[in-house]
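Each chain is listed here by its residues.
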Amino acid sequence: MLDSLITSKTRKKLLVKFFSNPKNMGHLRGLAEEFGESTNSIRKELNNLCEAGLLLKSEEKNRVDYQANPNHALFTNLQDLIQKYLGLDKLIFAVLERMGQVSQIALVGDYARGIDSGRIEVQITGNQLNIDYLLNVSQKLKSLIDKEVVFEIRSSITDPEALFLYNQAD
């Protein structure tokens, strides 16, 4: 879906990086290394996204860091689009459907850092959770979203990079 809307692979990677988790930051050389692309192609797309106001940049010494602009009018729309592209909406629905008393669902690992690796790591907290259901739903989700989904039940979510997808109080 996103591939037909955004034909630049570099731009798609940058949007996933910055809009999958608004805490994610990156700098030119680090992004080029992470994506395995030239600094010129990364620089061009970063400049385009900054010009559009979608990214903010902060300069410190000889390094420029980039981050999503949460005040941009399209911020929530892009975040929703990226989460749908990653299949996070289907993941949340599948977990809440028959999992038990779920307190929190958090995205951790590569996708929490904005790396489109094909392996989604999810931590879940709650009471009387149906662990057997996770094995079945993991396989279902793999066929639905074409990504490996790994679930882990925890007593609490302590990963500082965790992106909370669901909180019982919400």
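Predicted model, so just to flag it, every value in this text is computed and none were measured.

A few words on helix α6 (residues 88-98). Regarding α6, the residues found buried are L88, L91, I92, A94 and V95. The buried residues of α6 occupy an angular sector of 165° when projected down its axis, which confines them to one face. In the core, the buried residues of α6 are packed alongside α5 (75-86), β4 (101-108), β5 (119-127), α7 (131-145), β6 (148-153) and β7 (163-167). Of the residues trailing α6, G100 is marked for its positive phi of about 115°.

Below, the discussion takes up the sheet that holds strand β1 (residues 25-27). The three strands are arranged β1-β3-β2 in an open sheet whose pairing can be described as antiparallel. Taken across any chain shown, the strands that pair with only one partner, and hence form the sheet edges, are β1 and β2 (55-60). Recorded for the sheet is a direction-independent mean angle of 30° between the axes of neighbouring strands. In this sheet, strand β3 (residues 63-68) lies alongside β1 in antiparallel orientation, the contact comprising three bridges.

This part takes up the environment of Q104. Along the chain, Q104 falls in strand β4. Those residues within four positions of Q104 in sequence are excluded, and the remaining contacts are Q123, I124, T125, I157, F164, Y166 and N167. Of note is the side chain of Q104, whose polar atom sits 2.9 Å from the side chain of N167.

To continue, consider the packing of helix α2 (residues 9-19) against helix α4 (residues 39-51). Where α2 contacts α4, the axes come no closer than 9 Å and their chain directions differ by 60°. Comparing the axis directions of α2 and α4 gives the class oblique. Crossing of α2 against α4: the hand is right-handed. Across the interface between the two elements, T10, R11, L14, L15 and F18 of α2 pack against S41, I42, E45, L46, N48 and L49 of α4. Of the residues that constitute the contact of α2 with α4, the class distribution is six nonpolar, three polar and two charged.

Cut-off values and rules
The residue count restarts for each chain, going from 1 along the sequence in the order it is written. In keeping with the predicted nature of the model, local features appear solely for residues at pLDDT of at least 70, side-chain atom pairs appear and are counted solely at 80 or more, and the whole-chain, interface and lining totals rest on all residues. Only hydrogens and water are removed before side-chain values are computed, so all heavy atoms of the structure are retained for them. The buried label goes to any residue with under 20% of its type's maximum accessible area, the exposed label to any with over 50%, and the partly exposed label to all in between, with areas taken from a 1.4 Å probe on protein chains only. Only DSSP runs of H or I covering at least 4 residues are called helices, and only runs of E covering at least 2 are called strands; the numbering of each starts at the N terminus. Each C-beta atom gives one direction from the helix axis, and the arc is the one those directions make. We call two residues in contact when some of their heavy atoms are within 4.5 Å. Paired strands, as defined in this entry, are two strands with at least two bridges between them according to DSSP. All axes are obtained by fitting lines to C-alpha atoms, using only the stretch in contact for helices, and the reported angles, taken between N-to-C directions, cover 0 to 180 degrees. Polar contacts, as used here, are pairs of N or O atoms within 3.5 Å; protein pairs need one atom able to donate a hydrogen and one able to accept it. Residues neighboring in sequence count only if both atoms are side-chain atoms. An angle below 35 degrees is treated as roughly parallel, one above 145 as roughly antiparallel, one from 65 to 115 as roughly perpendicular, and anything else as oblique. Left-handed describes a crossing whose near helix is turned anticlockwise from the far helix through less than a right angle; right-handed describes the clockwise counterpart. Residues are grouped as follows: Ala, Val, Leu, Ile, Met, Phe, Trp, Tyr, Cys and Pro are nonpolar; Asp, Glu, Lys and Arg are charged; all remaining types, including Gly, are polar.

Honestly, that's just the spatial picture; any functional story needs more than this.
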